[in-house]
Amino acid sequence: MTTRKLLLNNLLDIGGVATLNNLYSPDAKTHKGGLLFTRKLFKSYIEDGLIEKIDPIGKPANKAREVFYCLTKKGAAYIGRSDEYKYKKCPRSPYNALHESMKFDVALSFLRLFLNKKFTFRYDSSFYGVRPDILIRIESTHPKELTRFLLVEIERKKTVDRVFNEKITRYEEMFKAIEKKKSHNLSQFKTLFVYSDLWYDGFLRPQQYHEPQNIESIGRTNYLVKSLVSRYCRNLPPNRYLFMPFHDFYRLHEPVWYQADGNRVPLIIK
């Protein structure tokens with residue numbers, strides 16, 4: 001598949017909406033280079049009617065980061081997936097652009113890093129009142145296999161105790177309800193917490209991580225995730241949760257995840 005079509009397929013797979021910043025080139029050596037090719041593609045897509053700009057509410061500070069684009073019906077037909085097209089051109093507010101962008105970064109990383117797997121992404125699912133930021137369905141490769149689900153939470157909190165008290169306790173209640181009502185097999189689920197504090201710039205691309213002004217915030221986020229696990233999560237079921245600092249989104253298949261016991265492991269998808 002050509003890069004031109006692959007990017008459009010990825011856009012449709014994650015829900016049909018993304019920014020230029022989300023679709024950066026991971027292999028580029030510089031931040032500017034990482035956006036250069038995508039800018040050229042976006043320009044040609046717009047000229048050919050394959051994507052459209054979503055008008056933002058208000059004035060975004062950085063268009064590459066905060067202006068979203070959506071696939072058009074013509075764009076879906078161009079990649080042979082007209083039947084999957086859904087209208088997505090609803091105005092977007094810059095006030096939640098960062099959280100939305102972080103969701104799409106994580107979703108895209110699954111597509112880019114687990115090429116032999118088929119995923120379905122949903123952003124509106126609910127289980128006993130718990131609404132994950134992303135529900136990732138891992139399609140089964142054999143008829144007798146259970147369908148697997150990843151429940152992803154993008155957590156931007158001032159302090160890590162709020163992650164535990166406001167979110168993890170609710171997930172534990174959800175799992176108890178599932179077990180009590182036998183509505184699902186608990187082995188089908190794994191919950192992924194992706195954390196940054198309020199001061200970390202989630203729009204940063206990996207090519208910018210080595211810049212002096214970003215090194216401190218990355219180190220602080222690493223410390224906070226480790227603290228979340230060691231201080232609050234030691235007694236959680238060992239196979240139910242994984243924790244990762246957001247800045248590692250581009251290598252989430254590597255041993256960047258903390259288990260509840262404090263060990264770091266890769267994310268293995270069976």
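This is a predicted model, so every value here is computed, not measured.

Undergrad: What is the right way to look at the pairing of strand 8 (residues 241-245) in this model?
TA: It is a general feature of regular strands that their side chains alternate between the two faces of the sheet. For strand 8, the buried fraction is high: 5 of the 5 residues fall into the buried class. Because side chains alternate across strand 8, one face comprises the buried residues Tyr-241, Phe-243 and Pro-245, and the other comprises Leu-242 and Met-244, equally buried. Both strand 7 (residues 189-196) and strand 8 contribute to a ladder of 5 bridges, which runs parallel. Along strand 8, the bridge assignment pairs Leu-192 with Leu-242.

Undergrad: How should the side chain of Thr-72 be read in this particular structure?
TA: Take Thr-72: it is sitting in the loop between strand 3 (68-71) and helix 4 (73-78). Within the local environment of Thr-72, its side chain forms a polar contact with the backbone oxygen of Gly-49, the two atoms lying 2.6 Å apart. Among all residues touching Thr-72, those that are not within four sequence positions of it are Gly-49, Leu-50, Ile-51, Glu-52 and Tyr-85.

Undergrad: How should helix 6 (residues 160-181) be read in this particular structure?
TA: Given 3.6 residues per helical turn, the α-helix brings residues three or four places apart onto the same face. Look at helix 6: 31 Å from first C-alpha to last across 22 residues, which is about the 32 Å you get at 1.5 Å a residue. Considering bend angle alone, the principal kink of helix 6 is centred on Ile-168 and spans about 30 degrees. Among the residues of helix 6, Val-160, Val-163, Phe-164, Lys-167, Ile-168, Tyr-171, Glu-172, Met-174, Phe-175, Ala-177 and Ile-178 are the ones counted as buried. Looking at the buried residues of helix 6, the elements they touch are strand 6 (148-156), strand 7, helix 7 (212-232) and strand 8.

Undergrad: For this particular structure, what's the right way to read the pattern of salt bridges?
TA: Summed over the entire model, instances satisfying the criterion amount to 18 salt bridges. A salt bridge links Lys-103 to Glu-100; the nearest nitrogen and oxygen atoms lie 2.9 Å apart. Of this pair, Lys-103 and Glu-100 both sit in helix 5 (residues 97-113), separated by 3 residues, roughly a single helical turn. The same class applies to Lys-103 as to Glu-100, namely buried. Arg-162 is paired through a salt bridge with Glu-166; the nearest N and O atoms lie 2.7 Å apart. With Arg-162 and Glu-166 both in helix 6 and 4 residues apart, the pair spans about one turn of that helix. You can call Glu-166 partly exposed: its relative accessible area is 34%. Here the salt bridges do not stand alone but share partners, grouping Glu-153, Glu-155, Lys-157 and Lys-167 into one network.

Undergrad: What exactly am I supposed to notice about the environment of Asp-27 here?
TA: Looking at the secondary structure, you find Asp-27 in the loop between strand 1 (17-19) and helix 2 (31-47). For Asp-27, a relative accessible area of 77% translates into the label exposed. Along the chain, Asp-27 and Leu-11 lie 16 residues apart, while their C-alpha atoms are 18 Å from each other.

Rules used throughout
Residues numbered from 1 in each chain as written. Predicted model: local features only at pLDDT ≥ 70, side-chain atom pairs only at ≥ 80, totals over all residues. Heavy atoms only, no water. Buried < 20%, exposed > 50% of the residue type's maximum accessible area, 1.4 Å probe, protein only. Helix = DSSP H or I, 4+ residues; strand = E, 2+ residues; numbered from the N terminus. Pairing = 2+ DSSP bridges. Polar contact = N/O pair within 3.5 Å; in protein donor to acceptor, adjacent residues only side chain to side chain. Contact = heavy atoms within 4.5 Å. Expected span 1.5 Å × (residues − 1). Bend = angle between axes of the 7 residues up to and from the residue. Salt bridge = Lys/Arg side-chain N within 4 Å of Asp/Glu carboxyl O.

Shape is all these values report; function is a separate question.
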